[in-house]
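What follows is each chain in one-letter form.
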Amino acid sequence: MPALIDLRRRIKSVKNTQQITQAMKTVSTAKFKKSQRIVLESRPYWHGLPELLSEIIFWVDRESHPLLEERAERKIEGVVIASDKGLCGAFNSNLLEKALLFFEEKARHSQVNLVLIGKRAVNFFKKFSFPVDFVYSEQVQKLTQEDLEKIAQFLMRLYAFGKTDAVYVAYNEFKSILSPKVTITRFLPLKPPEREEGQEGLPLDWEPGADTVLNVVLPLYVKDQIRHFFHESSAAEHAARMMAMDNATKNAEDLIGDLTLVLNKIRQASITKELLEIMTAVEALGEK
Amino acid sequence: MTQDLPLSLQLKVITPRKLLIDEEVGEVSLPSLEGYLGVLPGHRPLFLALGKGRITYRMAQKEEALSVQGGYAEILPEKVVVFTEQVEDEKEQPTEG
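From a predicted model like this one, the values you see are computed outputs, not experimental measurements.

A. Structural detail: the domain arrangement of chain A. All names here are of chain A. Domain annotation of chain A identifies domain 1 (4-24 + 244-287) and domain 2 (34-243). Inter-centroid distance (C-alpha atoms) of domain 1 to domain 2 is 53 Å. Taken residue by residue, the interface counts five residues in domain 1 and seven residues in domain 2. Buried surface at the junction of domain 1 and domain 2, both sides included, amounts to about 440 Å², of which 58% is carbon and sulfur. Among the residues domain 1 hides against domain 2, the three largest losses belong to Met24, Ala244 and Met245. Together they make up 80% of the total. Here domain 1 is connected to domain 2 by zero salt bridges. The tally of links between domain 1 and domain 2 comes to nine residue pairs in polar contact (both at pLDDT 80 or more). The dominant element in the side of domain 1 that touches domain 2, judged by the number of residues it contributes, is helix α6 (residues 210-287), at four residues.

Structure below.
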């Protein structure tokens, strides 16, 4: 039977942990609200652009721009967007496992290079032999627009110069607070959503010309996609951490309950024992 | 086609951060790569790459402007949709009546 003092110490330490998880939950809730707001506010842009693109591409040749060209997948670039910190449940491990399976499958037929974002992804892929092109392992949450733009530029350049034949992105999509959805999607060559059947296209003019317009719109689209992946991933991360910390707080609560019960039982048992001893002593004295 | 020209344009300026402008306007002037282009309701459909410059738009009584750093515009007879990444927060108040 554990000693009283040990139990008391344990309860105290669990209480401390509970306070920490509670605080982390509050912080993640605030951060989650913020990233959710960003996702919501960028929605018109994010929804408008693909529609536009599909309309534009309807009017041009797929071969007319290097980012649209489809090639056999001999070299592949894989982008994995994870987080820096853990303590967010299965957020990272699910993603990394699925990404690994996917890229290993791809590696059978083609060469796979990786771009890793987030410390967790970097640590995970250290164990495997994929060549890595580009790493962002610190401060993923603080990546600025310029950083994201750099990543987009880098990917576009790789693709446009034929250094890679396809770019895949693995990230956590924010589906609901309860569970992020691991998504692996082909990012380049660009494949805009299919145009709806029967939609009569208006005869369109280009100013200054189709090529120039494509040169402006496609990079916009690529950058926006990258940005979107990040925002989704960060919203999902905070949601996951929020849930994980909520669970941890609840578990701590349960644990404290159980421990207190045991503590009280032992305490009562020892009181009873002491009482018994006193009574016996009194009886023994009285008999004399 | 000339008899049912729309009377106003729906102007939308969309940035990655938010839907910046969503208004009925009478006239828009857009900075294309080769100079400014004025758009009135009923303009023929046009895809337009934008350069640096100012978008000015006129509503019933007032005129407003904002600066953009490139982007893209889709012009249809009854609406103009502008996608741009960077907008300077300089929103001019009415300059003339």
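B. Highlighting the interface of chain B and chain A. Contact residues are listed per partner, giving 21 residues for chain B and 26 residues for chain A. Across the interface of chain B and chain A, roughly 2,200 Å² is buried in total on both sides, 67% from carbon and sulfur atoms. Summed over the three residues of chain B that lose the most area to chain A, namely Phe47, Phe83 and Glu85 of chain B, the buried surface amounts to 31% of that side. Counting across the interface, chain B meets chain A through zero residue pairs in polar contact (both at pLDDT 80 or more). Elements that contribute at least two residues to the side of chain B that touches chain A include exactly β5 (46-58) and β6 (63-76) of chain B. The pairing of strand β6 (residues 205-207) of chain A with β5 of chain B spans three bridges and is parallel. Bridged to Asp205 of chain A within β5 of chain B is Leu46 of chain B.

C. Broad picture of the packing of aromatic side chains. Residues and elements named next belong to chain A. Counted under the stated rule, the structure contains 12 aromatic pairs over all chains. Between Phe124 and Phe128, the aromatic rings sit 5.5 Å apart at their centres with planes inclined by 50°, giving tilted as the arrangement. Ring geometry for Phe187 versus Phe229: centroids 5.7 Å apart, planes at 70°, classification edge-to-face. Here Phe229 lies in helix α6 and Phe187 lies in strand β5 (residues 181-188), a separation of 42 residues in the sequence. Ring pairs connect the aromatic residues Phe124, Phe125, Phe128 and Phe130, which therefore count as one cluster. When the ring centre of Tyr159 is taken as reference, the NZ or CZ atom of Arg71 above it lies at 4.3 Å.

D. Main features of the packing of helix α5 (residues 145-160) of chain A against α6 of chain A. Residue and element names in this part refer to chain A. Two numbers describe how α5 lies on α6: the axes approach to 9 Å, and their chain directions differ by 120°. By the angle between their axes, α5 is oblique relative to α6. The handedness of the crossing between α5 and α6 comes out as right-handed. When α5 is examined against α6, the residues Gln145, Leu148, Glu149, Ile151, Ala152, Gln153, Leu155 and Met156 are found in contact with a partner set consisting of Pro219, Val222, Lys223, Ile226, Arg227 and Phe230. When the residues that make up the contact of α5 with α6 are grouped by side-chain class, the tally is nine nonpolar, two polar and three charged.

E. How the structure looks around the environment of Arg71 of chain A. Residue and element names in this part refer to chain A. With respect to the helices and strands, the residue Arg71 is situated in the loop between α2 (43-59) and β1 (75-81). With a relative accessible area of 24%, Arg71 lands in the partly exposed category. Put simply, Arg71 and Tyr45 are 26 residues apart on the chain and 29 Å apart in space, counted from C-alpha to C-alpha. Here Arg71 is in contact with Tyr159, Gly162, Thr164 and Asp165, once residues within four sequence places are set aside. Only 3.1 Å separates the side chain of Arg71 from the side chain of Asp165, close enough to count as a polar contact.

F. Fine view of the sheet that holds β1 of chain A. Residues and elements named next belong to chain A. Across the sheet, which stays open at both edges, the five strands sit in the order β3-β2-β1-β4-β5 with mixed pairing between neighbours. Whereas interior strands pair on both sides, the edge strands pair on one side only; in this sheet they are β3 (132-136) and β5. Within the sheet, the average angular offset between the axes of one strand and its neighbour, ignoring direction, is 20°. Where strand β4 (residues 166-173) meets β5, seven bridges bridge the pair, whose relative direction is antiparallel. Directly across from Glu173, in β5, lies its bridge partner Lys181. On top of the sheet, α5 reaches β1, β2 (111-117), β3, β4 and β5; it is set at about 170° to β3, its chief contact.

G. How the structure looks around α5 of chain A. Residue and element names in this part refer to chain A. Relative to the 22 Å expected for 16 residues at 1.5 Å per residue, α5 spans 22 Å between its end C-alpha atoms, a close match to the ideal helical length. When α5 is considered as a whole, its buried residues turn out to be Asp147, Leu148, Ile151, Ala152, Phe154, Leu155, Met156, Leu158 and Tyr159. Tucked into the core, α5 has its buried residues touching β1, β2, β3, β4, β5 and α6. Note on α5: the residue one or two positions beyond its end, Gly162, has a positive phi of about 75°.

H. Looking closely at the packing of helix α1 (residues 4-41) of chain A against α6 of chain A. Residue and element names in this part refer to chain A. Interaxial distance between α1 and α6 falls to 7 Å at its minimum, and their mutual angle equals 160°. Taken together, α1 and α6 sit at an angle that is classed as roughly antiparallel. Read as a crossing pair, α1 and α6 show a hand that is left-handed. Across the contact of α1 with α6, the residue classes break down as 20 nonpolar, 11 polar and 10 charged.

Thresholds, definitions, all that
- All residue numbers here refer to positions counted from 1 along the written sequence of the relevant chain.
- All chains are assigned letters beginning with A, and all ligands numbers beginning with 1, in the order in which they are written.
- The predicted nature of this model means local features are confined to residues of pLDDT at least 70 and side-chain atom pairs, given and counted, to a pLDDT of 80 or more, with totals for whole chains, interfaces and linings taken over all residues.
- Remark: hydrogens and water are excluded; side-chain values derive from all non-hydrogen atoms of the structure.
- Domains are outlined according to an automatic or database domain assignment.
- By the convention used here, residues are in contact when the closest approach between their heavy atoms is within 4.5 Å.
- Buried area adds together the accessible area that both of two parts lose upon being put together, with accessible area traced by a 1.4 Å probe.
- By convention in these notes, a salt bridge is any Lys or Arg side-chain nitrogen within 4 Å of a carboxyl oxygen on Asp or Glu.
- What qualifies as a polar contact is a pair of N or O atoms within 3.5 Å, subject to a donor-acceptor requirement within protein and to the restriction that residues adjacent in sequence count only when both atoms come from side chains.
- Think of it this way: any DSSP run of H or I at least four residues long counts as a helix, any run of E at least two long counts as a strand, and we number them from the N terminus.
- For two strands to be treated as a pair, DSSP must find at least two bridges joining them.
- The rule is short: rings of Phe, Tyr and Trp, with Trp giving its six-membered ring, pair when the centres are within 6.5 Å, and they are stacked under 30 degrees, edge-to-face over 60, tilted in between.
- We call a charge positioned over a ring when the NZ of a Lys or the CZ of an Arg lies within 6 Å of the ring centre and within 35 degrees of the ring normal.
- Under this scheme, a helix contributes an axis fitted over its contacting stretch, all axes are lines through C-alpha atoms, and angles between N-to-C directions fall in the 0 to 180 degree range.
- Here the angle decides the label: under 35 degrees means roughly parallel, over 145 means roughly antiparallel, 65 to 115 means roughly perpendicular, and every other value means oblique.
- In this scheme, a crossing is called left-handed if the near helix is turned counterclockwise away from the far one by less than a right angle; it is called right-handed if the turn is clockwise.
- All residues other than Ala, Val, Leu, Ile, Met, Phe, Trp, Tyr, Cys, Pro, Asp, Glu, Lys and Arg, Gly among them, are scored as polar; the first ten of these are nonpolar and the last four charged.
- Note on classification: 1.4 Å probe, protein chains only; a residue is buried when its accessible area is under 20% of the maximum for its type, exposed when over 50%, partly exposed between these limits.
- By this rule the span expected of a helix is its residue count minus one, scaled by 1.5 Å.

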